[in-house]
Amino acid sequence: MVLQELGGKLTAALQKMQSVTVISEEVLDKMLKDIAAALLEADVNVRVVGQLRKAIKTRAALEEEVAGANRRKLIQRAVVDELVNIVDPGVTPHEVKKGKPNVIMFVGLQGAGKTTTIAKFANYYQRKGFKCCMVCADTFRAGAYDQLKQNATKLRCPFYGSYTEADPVAIAAEGVAQFRKEKYEVIIVDTSGRHRQEAALFEEMQEIRVAIEPDNVVFVLDATQGQAVHEQATSFHEAIDIGSVVVTKLDGHAKGGGALSAVAATGAPILFLGSGEHFDDFEPFVARSFVSRLLGMGDMSTLVKQIKDTIGDDKNDEMMEKFSKGEFTLRDMYEQFENVMKLGPLSKVMAMIPGIPQMGGEGDEGGNRLKRFMYMMDSMTDDELDGRVDLNRAPSRVDRVARGSGTHPMEVQMLLRCHKQFEGVVTKMGKSGLMKGGDEQMV
Ligand code: GDP
């Protein structure tokens, strides 16, 4: 998961608050100091961090007076809200809609990951059933045409471009006009990147923009650029009024906190995050879900949305009905894990399940853990799976399940704890009707 280190530190700071009985000013200050240190280390701007600290302190003081309620909860909520504020400029990005042409123009500097991002974007919407296509209006870089075409072929995505035409505005206009006529729904236009910002690049982008009238202009930004990110995003925003941003390369050693907060500070909403070279290394950015996951609280809202997309509505309604009654057995969890496995790279999905991110693990370790959990559940009886027997009170059964699945009883205990957490979240969401809606807030 991106920014794992930052997430771990923030969670540790919050957890310290759990272990004390009274949250004095001293405890609060210490926690804020830890949070600030973690954010600064992740490259978040010092002024932004200062504001966050102040805002949390003010809220903690104010809300305590008003509510007199659980100070711990209030502070936790304030921390989450203020972290969300850092990465959310409060602007809703353009939403791709079915049944109409959505023209999306991609801009960015060379090497930022624009071509890769375009393929990921097409792949993402194709999976959702949209008719996608690509137009290559990058006549500047030799090889751009072939690179984009290669990806388009892999994705079986119709493609428009030319080896001979040198005018990118003409290509963009012709390609978009043709695909509009053919009723494509997501028309992706690649434009030239340059090594650095320069007037000629901005001029060309503006001309293309006028010619194709895009619904969204997406700026692709490389997170490894550090503090330069803010300046880049600002000048692109000023020159061409970008609609949204995709931040790439959040895998590896990028101190992504800097990039994410800097972009949001320009007022341009982040649309997707790219975290690898594969088409699947791509996820929509929803500020609150992102923070929730960062803090190891899981991100059931994204998970549920993805599961919904995968399993279809009928079965989904049945499932939601059950959850809303507060029923969530080990068998239900098994079924959810099966759905989860259909969703793509497991390591990405794991971070969304409450209880699992905290276990840590690099690469697909989370995925392997999920498989081991499923072996354990395969070794359970119907009574155990359907909750007629409580395994938490039956150590000999736990031992039997461990033996049967070739695992350790402690792992079975871990599975039971994961189930408890999952159950808590699912029933909470079910009862509040959140699972049916779109923008549920888990934290
Ligand atoms: P463009 O010049 O902006 O079109 O950039 P490309 O799409 O050709 O990408 C430049 C390099 O960055 C390529 O080697 C890509 O494989 C790589 N790349 C793109 N996105 C990501 C990402 O999210 N993570 C990593 N690690 N590499 C990426």
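Because the structure is a prediction, the values reported are computed rather than measured.

## Digging into the overall build of the chain
Thought 1: The helix and strand tally for the chain stands at 19 helices and 8 strands.
Thought 2: Put simply, the chain has 443 residues, and 42% of those count as buried.
Thought 3: Long-range contacts, defined as pairs at least 24 residues apart, comprise 75% of the intrachain contacts of the chain with a sequence gap of at least 6.

## Section: the nonpolar core
Thought 1: In terms of nonpolar packing, the biggest core is built from 87 residues, with Ile188, Val189 and Val263 touching the most fellow members.
Thought 2: Here this core gets 7 residues from one element, more than from any other, and that element is helix α4 (residues 71-87).
Thought 3: Non-local contacts of Val263, meaning those with residues more than four positions away in its chain, are made with Leu221, Val229, Ala233, Val245, Val247, Ala268 and Ile270.
Thought 4: Counting residues in hydrophobic clusters, the runner-up holds 18 residues, among them Leu330, Met376, Met377 and Val401.

## Re helix α5 (residues 114-127)
Thought 1: The first and last C-alpha atoms of α5 sit 20 Å apart over 14 residues, in line with the 20 Å expected at 1.5 Å per residue.
Thought 2: Within the span of α5, buried status applies to Lys114, Thr115, Thr116, Thr117, Ile118, Ala119, Lys120, Phe121 and Ala122.

## Details of the site of the ligand
Thought 1: Neighbouring the ligand are 18 residues, the closest being Gly113, Lys114, Thr115, Thr116 and Gly274.
Thought 2: At 3 residues, α5 tops the list of elements feeding residues into the shell around the ligand.
Thought 3: Here the residues of the shell around the ligand sort into 1 nonpolar, 12 polar and 5 charged.

## Section: the sheet that holds strand β5 (residues 216-222)
Thought 1: Taken in spatial order, the 8 strands line up as β3-β2-β4-β1-β5-β6-β7-β8 in an open sheet, and their pairing is mixed. A strand with exactly one partner marks an edge of an open sheet, and here the two such strands are β3 (159-160) and β8 (282-284).
Thought 2: The pairing of strand β1 (residues 102-108) with β5 spans 5 bridges and is classified as parallel. The partner of Val107 across the bridge, within β5, is Phe219.
Thought 3: Strands β2 (132-137), β3 and β4 (186-191) of the sheet are contacted by helix α6 (residues 144-154), whose axis makes an angle of about 175 degrees with β2.
Thought 4: Helix α7 (residues 168-181) rests against β1, β2, β3 and β4 of the sheet, and its axis sits at about 165 degrees to β2.

## Thoughts on the packing of α5 against α6
Thought 1: Where α5 meets α6, the axes come as close as 10 Å, and the angle between the chain directions of the two elements is 25 degrees. Judged by the angle between their axes, α5 and α6 are roughly parallel. α5 and α6 meet at a crossing whose hand is right-handed. Residues Thr115, Ile118 and Ala119 of α5 form the contact with α6, whose own contacting residues are Ala144, Gln147, Leu148 and Asn151.
Thought 2: Residue composition of the contact of α5 with α6, by class: 4 nonpolar, 3 polar and no charged.

## Quick look at the UniProt feature "domain: SRP54-type proteins GTP-binding" (unreviewed entry) in the chain
Thought 1: Per the UniProt entry, the sites bearing "domain: SRP54-type proteins GTP-binding" (unreviewed entry) are residues 269-282 in this numbering.
Thought 2: Between the C-alpha atoms that bound residues 269-282 there is a distance of 16 Å. The span itself is 0% helix and 43% strand.

## Looking at helix α2 (residues 25-41)
Thought 1: Helix length check: α2 (17 residues) gives 24 Å between terminal C-alpha atoms against 24 Å at 1.5 Å per residue, within 8%.
Thought 2: Restricting attention to buried positions, one finds in α2 the residues Met31, Leu32, Ile35, Ala38 and Leu39. With its buried residues spanning 125 degrees around the axis, α2 presents them on a single face. In α2, the exposed residues that point more than 90 degrees away from the buried face are Glu25, Glu26, Asp29 and Lys33.

## Focus on the confidence of the model for the chain
Thought 1: Per-residue confidence for the chain gives a mean pLDDT of 82, with 82% of residues at or over 70.
Thought 2: Ranking the elements of the chain by mean pLDDT puts helix α15 (residues 346-350) last with 59 and β4 first with 96.
Thought 3: Low confidence marks residues 434-443, where pLDDT is under 50. Its contacts with residues over four positions away, or in another chain, come to 20 contacts.
Thought 4: For this predicted complex, the interface score ipTM comes out at 0.98, while the overall pTM is 0.73.

## Describing the environment of Ser162
Thought 1: Along the chain, Ser162 falls in the loop between β3 and α7.
Thought 2: Linking Ser162 and Thr139, residues 23 residues apart in sequence, is a C-alpha distance of 8.6 Å.

## Re unusual backbone geometry
Thought 1: A positive phi angle, near 45 degrees, is found at Glu213, a position not held by glycine.
Thought 2: By the secondary structure assignment, Glu213 is in the loop between α8 (199-212) and β5.
Thought 3: Unlike most non-glycine residues, Lys249 shows phi in positive territory, near 60 degrees.
Thought 4: Checked against the element boundaries, Lys249 lands in the loop between β6 (244-248) and α10 (256-265).

Cut-offs used in this document
Residues numbered from 1 in each chain as written. Predicted model: local features only at pLDDT ≥ 70, side-chain atom pairs only at ≥ 80, totals over all residues. Helix = DSSP H or I, 4+ residues; strand = E, 2+ residues; numbered from the N terminus. Buried ≥ 20, exposed ≤ 12 C-beta atoms within 10 Å, placed from the backbone. Contact = placed C-beta atoms within 7 Å. Core = buried A, V, L, I, M, F, W, Y, C linked by C-beta atoms within 7 Å. Expected span 1.5 Å × (residues − 1). Near = placed C-beta within 6 Å. Nonpolar A, V, L, I, M, F, W, Y, C, P; charged D, E, K, R; others polar. Pairing = 2+ DSSP bridges. Axes fitted to C-alpha atoms, helices over the stretch in contact; angles between N-to-C directions. Parallel < 35°, antiparallel > 145°, perpendicular 65-115°, else oblique. Left-handed = near helix turned anticlockwise from the far one by under 90°. UniProt positions renumbered as here; feature names shortened; annotations may be inferred. Arc of directions from axis to C-beta. pLDDT = per-residue confidence, 0-100.

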